[in-house]
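An overview of the molecular structure
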Amino acid sequence: MPAITVDDILVLPRVPEPGLALTERKVTSVTTAPQGYEGEGFPVRRAFAGVDLARLDPFVHMDQMGEVDYGPGEPKGTAWHPHRGFETVTYIIDGTFRHQDSNGGGGLITNGDTQWMTAGGGILHIEEPPEDLVMSGGLFHGFQLWVNLPARLKMTQPRYQDIRAGQVVLLSSADGGALLRVIAGEFNRHAGPGITHTPISLVHATVSAGAQVRLPWRKDFNSLAYVLAGSGTAGAEKRPIRMGQLAVFGAGDAITFAAGPRGDMDVLLLGGEPIREPVAAYGPFVMNTRAELVQAFEDFQAGRLGTIPAERRPLPAENHPGHDVL
């Protein structure tokens, strides 16, 4: 499934299994993401639908994009649109997406790459498949996560991070049953390449068929697990979970999940330090108050969130020669 992998998982640094004295986090809910469409009509699953924002904090929204195998002429993206008050994280597992923003950021992300855009005080951007992919069609699968910013950073300077697949930190579970890709934040003293304003951990785990994984988890972080592919169980209580479902864990120091006997399970593990501030979100803006939302719309309409370039400039990343598979 994912582009970044390893031939021999046993050569990777191992994450020790937590001691039995640590408190196991229980699963408080399992929800199924409804399907919908985003942008110009690409299919998504709304991963956080039905979950209270207080349980998600500091995350506010996540879409699983695809998995879809497009025919020629079918790939779709988004038009130019604004954001303010949060960060977007776009991780492409299969396929290619092109990003451009009004702050000068942009490039191609493909097969294990991540783009991290801090909208901060305001930015315009566009996400679209490149022309050759539109012509040929092909497989497309990834996700976009929205990470909230605290009030003191809502109007911070926009920033763009281009994270290549080969920069992701690769780890193994204690017995080699799971490959762990640390995309951002710190996990068990291993720091991923993504630089975050809000303290979080973002890990993509592939659990081998029949394997159970027990991992340490920061006590001051919340804990979410979204299944990208396959099926298995979540929690020591073995709650059934499958592709398109989100497990929310309660308090504690360790999380447990397992893949079913018939195939691998890919899980996106998310955790972060809750911001615990009011959230006023509407459309492309995530602020603290309704008045700030109104101001964001007024600033966008007045052209204060950036200017769409007259024509698309060449993006150096489009000539990127490819990505190594370890």
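Here's a quick rundown of the structure.

Definitions and limits used
Throughout this description, residue numbers start from 1 for each chain and increase along the sequence as written. Owing to the predicted nature of the model, reporting of local features is limited to residues with pLDDT of at least 70; listing and counting of side-chain atom pairs is limited to 80 or more, with chain, interface and lining totals taken over all residues. No hydrogens and no water enter the side-chain calculation; it runs on all heavy atoms of the structure. Secondary structure elements are defined from DSSP: runs of H or I of at least 4 residues count as helices, runs of E of at least 2 residues count as strands, and each element is numbered from the N terminus. Two things to know: the radius of gyration comes from C-alpha atoms, and the globule rule equals 2.2 Å times the number of residues to the power 0.38. Accessible area is worked out with a 1.4 Å probe on protein chains only. A residue is then buried under 20% of its type maximum, exposed over 50%, and partly exposed in between. Contact definition: two residues touch when any of their heavy atoms are within 4.5 Å. A 1.4 Å probe and the Shrake-Rupley method give the accessible areas. Residues count as covered only by the protein chains that appear here. For Phe, Tyr and Trp, rings pair up if their centres lie within 6.5 Å, where Trp contributes its six-membered ring, and each pair is then called stacked (planes under 30 degrees apart), edge-to-face (over 60) or tilted (otherwise). Put simply, a nonpolar core is a bunch of buried Ala, Val, Leu, Ile, Met, Phe, Trp, Tyr and Cys residues held in one set by side-chain atoms that sit within 4.5 Å of each other. Here, a salt bridge means any Lys or Arg side-chain nitrogen found within 4 Å of an Asp or Glu carboxyl oxygen. Only strands joined by at least two bridges in the DSSP assignment are considered to pair. Think of each axis as a best-fit line through the C-alpha atoms, taken over the contacting stretch in the case of a helix, with angles from 0 to 180 degrees between the N-to-C directions. Helix span is expected to be 1.5 Å times the residue number reduced by one. As used in this structure description, the phrase polar contact means that two N or O atoms lie within 3.5 Å; if the pair is within protein, one of them must be able to donate a hydrogen and the other to accept it, and residues adjacent in sequence are counted only when both atoms belong to side chains.

So, about the overall build of the chain. Each helix and strand in the chain was counted, giving three helices and 26 strands. For a compact globule of 326 residues, the expected C-alpha radius of gyration is about 20 Å, and the chain comes in at 19 Å, within 12% of that figure. Residues classed as buried in the chain amount to 57% of the 326 residues present. Pairs at least 24 apart in sequence give 74% of the contacts found in the chain among residues at least 6 apart. Accessible surface, the chain as shown: approximately 13,700 Å² in total, 52% of it carbon and sulfur.

Here the focus is the packing of aromatic side chains. This structure, assessed with the given rule, holds eight aromatic pairs. Here the aromatic cluster, defined as three or more aromatic residues joined through ring pairs, consists of Phe42, Tyr70, Phe97 and Phe140.

Here we come to the nonpolar core. Formed by 27 residues in total, the largest nonpolar core has its most connected members in Leu180, Phe187, Leu215, Phe257 and Leu269. Only β15 (178-187), β17 (200-207), β18 (212-216), β19 (223-229), β22 (245-249), β23 (254-259) and β24 (265-272) provide two or more residues apiece to this core. When residues in this core are grouped by element, the largest group, four residues, is from β15. Residues within four places of leucine 180 in sequence aside, it is in contact with Val15, Val169, Leu170, Leu171, Ser172, Ser173, Phe187, Val203, His204, Ala205 and Leu215. One finds Ala33, Ala47, Phe59 and Ile93 within the second-largest nonpolar core, a separate group that totals 25 residues.

What the rule picks out here adds up to 10 salt bridges. Among the salt bridges present, the one from arginine 46 reaches glutamate 38, with a minimum N-O distance of 3.2 Å. Across the pair arginine 304 and aspartate 299 runs a salt bridge, and its minimum N-O distance is 2.8 Å. Among the residues examined, arginine 304 registers a relative accessible area of 54% and is labelled exposed. Here the salt bridges do not stand alone but share partners, grouping Glu38, Arg46 and Asp63 into one network.

Attention shifts here to the sheet that holds strand β11 (residues 123-128). Here four strands make up an open sheet; going across it, the order is β6-β11-β8-β9 and the pairing antiparallel. Looking at strand neighbours, the two that pair on one side only are β6 (81-83) and β9 (106-110), the edges of this open sheet. Looking at each pair of strands side by side, their axes are set apart by 30° on average, direction ignored. Alignment of strand β8 (residues 96-101) against β11, held across four bridges, turns out to be antiparallel. In the sheet register, histidine 99 faces β11, and the bridge partner there is glutamate 127.

Here we come to the sheet that holds strand β5 (residues 59-70). Taking strand neighbours across the sheet as the criterion, the seven strands line up as β3-β4-β5-β12-β7-β10-β13 in an open arrangement whose pairing is antiparallel. Where the open sheet ends on each side, the last strands, each with one partner, are β3 (35-38) and β13 (159-163). Averaged over all adjacent pairs, the angle separating strand axes in this sheet is 25°, with direction ignored. One ladder, built from five bridges, connects strand β7 (residues 86-94) with strand β10 (residues 114-118); its direction is antiparallel. Along β10, the bridge assignment pairs threonine 88 with methionine 117.

Turning next to helix α3 (residues 290-301). Helical geometry note: an α-helix holds 3.6 residues per turn, so side chains three or four residues apart project in the same direction. With 12 residues, α3 extends 17 Å from end C-alpha to end C-alpha; this agrees with the ideal 16 Å at 1.5 Å per step. Summarising the contacts, the buried residues of α3 are in contact with β25 (280-282) and β26 (285-287).

Our focus in this paragraph is unusual backbone geometry. Of note, the bond from aspartate 57 into proline 58 is cis; its omega dihedral lies within 30 degrees of zero at 20°. Residue glutamate 67 follows glycine 66 across a cis peptide bond; omega there is 10°. Tracing the backbone through its elements, the reader meets glutamate 67 in strand β5. Even without being glycine, arginine 276 reaches a positive phi, approximately 60°. Mapped onto the secondary structure, arginine 276 falls in the loop between β24 and β25. Owing to a relative accessible area of 69%, arginine 276 belongs among the exposed residues under this scheme.

Before going further, it helps to examine the side chain of lysine 154. Residue position: lysine 154 is located in the loop between β12 (138-148) and β13. Within the structure, lysine 154 has its side chain in polar contact with the backbone oxygen of glycine 85 (distance 3.0 Å). Those residues in contact with lysine 154 that lie beyond four places of it in its chain are Gly85, Gly120, Gly121, Asn148, Leu149, Val286, Met287 and Asn288.

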